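Read off the chains here:
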Amino acid sequence: MEYGPFGLEGHIRYHYFNSIEGLDRYQSIVVNDIPLEDERLWLQLTFLYDLPIENLKLGLNADKIYRWSDIDDHSYDMNESRFFARLVFEF
């Protein structure tokens, strides 16, 4: 969205991975076939401002990343927050 010199962007990304358990071409020699799942959800919000220099914008980002992983009997949950600024040149 844009209004005058201001802009707002949002992104949502979701990734899901799991093991190829039982699908290996050498499955008969696999000794320990471990189940694995990994999920990530990434939320990003960017505030943009047009600088007085042509085609140049200032961007302020806020990101939140959630991750859930299961490997055999072990589980791991994590979340991370990131804040940063960037210069954007549009051509």
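So, how was this worked out
Residues numbered from 1 in each chain as written. Predicted model: local features only at pLDDT ≥ 70, side-chain atom pairs only at ≥ 80, totals over all residues. Heavy atoms only, no water. Helix = DSSP H or I, 4+ residues; strand = E, 2+ residues; numbered from the N terminus. Buried < 20%, exposed > 50% of the residue type's maximum accessible area, 1.4 Å probe, protein only. Polar contact = N/O pair within 3.5 Å; in protein donor to acceptor, adjacent residues only side chain to side chain. Contact = heavy atoms within 4.5 Å. Salt bridge = Lys/Arg side-chain N within 4 Å of Asp/Glu carboxyl O.

A. A look at the side chain of T46. Structurally, the position occupied by T46 is in strand β3 (residues 36-50). For T46, a relative accessible area of 0% translates into the label buried. Reaching out from T46, the side chain makes a polar contact with the side chain of N61 at a distance of 3.1 Å. In this structure T46 touches G7, L8, E9, G59, L60, N61 and R86, once residues within four positions along its chain are discounted.

B. Structural view of the pattern of salt bridges. A full pass over the atoms with the stated rule returns six salt bridges. The salt bridge partner of R40 is D38, with a shortest N-O separation of 3.2 Å. Close ionic contact of E90 with K57 constitutes a salt bridge, the shortest N to O distance being 3.5 Å. Here the residue E90 occupies a position in the segment after β5 (74-89), and K57 occupies one in strand β4 (residues 56-71), the gap between them amounting to 33 residues. E90 gets classed as partly exposed once you look at its relative accessible area, which sits at 38%. In this structure, a network of salt bridges that share partners links the residues E2, D50, K57 and E90.

Interpretation note: all reported values are geometric properties and have no functional meaning in isolation.
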